[in-house]
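Inside the fold
Residue strings, one per chain:
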Amino acid sequence: MAMERTFIAVKPDGVQRGLVGAIIGRFEAKGYKLLALKALVPTKELASTHYEALSSKPFYGGLVDFICSGPVVAMVWGGGDIVKCARAMIGETSPSASAPGSIRGDYGVEVGRNVIHGSDAVATAEREIALWFGDEGVMEWEPTLNQWVYE
Ligand code: DAT
Ligand code: MG
């Protein structure tokens, strides 16, 4: 099983709605390890760089404004196959297409208020971790309960 890192962010709607604790709880309960966490109101530069692959989309401007509209909780989580598995925990891009039990399926209604971001591939995750955390440092540590999560 590949040990990976992924970038997760609770978007301004998730923070405003008081979902930070519930979302962190899901990743903790799954058995993943928290490697970095901070709260910030993203600058326009950070948000537009984060979403630059979508810059030709008609919703890009509104998306960037939304991400800058309030506090975001940015995190790095680590674990076995975490990039793909975190995306499954998050659900589909649209909450209305997301299964109940997934984060977007349980907490969201509209695509433009879908509560959470998760990296879509290992290379994207490393790019996003560098963009959001840079030289601030992301922890490396071995949880003492790893032996009860991994064989
Ligand atoms: P995801 O967040 O599932 O990786 P994405 O990378 O395709 O989805 O898009 C980034 C964000 O842009 C998404 O979380 C919400 C917004 N978005 C995507 N498609 C949209 C659409 N058709 N209308 C409005 N916002 C959209
Ligand atoms: Mg994406």
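Reading guide: rules and limits
Residues numbered from 1 in each chain as written. Chains lettered and ligands numbered in written order. Predicted model: local features only at pLDDT ≥ 70, side-chain atom pairs only at ≥ 80, totals over all residues. Heavy atoms only, no water. UniProt positions renumbered as here; feature names shortened; annotations may be inferred. Near = heavy atom within 4 Å. Polar contact = N/O pair within 3.5 Å; in protein donor to acceptor, adjacent residues only side chain to side chain. Areas by Shrake-Rupley, 256 points an atom, 1.4 Å probe, with all protein chains shown as cover. Nonpolar A, V, L, I, M, F, W, Y, C, P; charged D, E, K, R; others polar. Buried < 20%, exposed > 50% of the residue type's maximum accessible area, 1.4 Å probe, protein only. Helix = DSSP H or I, 4+ residues; strand = E, 2+ residues; numbered from the N terminus. Arc of directions from axis to C-beta.

Per an unreviewed UniProt entry, the recorded name for the chain is Nucleoside diphosphate kinase, and the organism is Porphyra umbilicalis. In its Catalytic activity (unreviewed entry) section, UniProt records this for the chain: "a 2'-deoxyribonucleoside 5'-diphosphate + ATP = a 2'-deoxyribonucleoside 5'-triphosphate + ADP".

Residues in contact with ligand 1, as listed here, are Lys11, Tyr51, Leu54, Phe59, Leu63, Arg87, Thr93, Arg104, Val111 and Asn114. Take Arg87: an N or O atom from its side chain is 2.7 Å from an oxygen atom of ligand 1. The contact in question runs from an oxygen atom of ligand 1 to an N or O atom on the side chain of Thr93, over 2.6 Å. If ligand 1 stood free it would expose 510 Å²; the protein chains cover 71% of that surface. Looking at the shell around ligand 1, its residues break down into five nonpolar, two polar and three charged.

Looking at helix 5 (residues 82-90), one finds that the buried residues are Ile82, Val83, Ala86, Met89 and Ile90. Projected onto a plane normal to the axis of helix 5, the buried residues spread over an arc of 120° and lie on a single side. Within helix 5, the exposed residues directed more than 90 degrees away from the buried face are Lys84 and Ala88. Downstream of helix 5 by one or two residues, Gly91 has phi in the positive range, about 105°.

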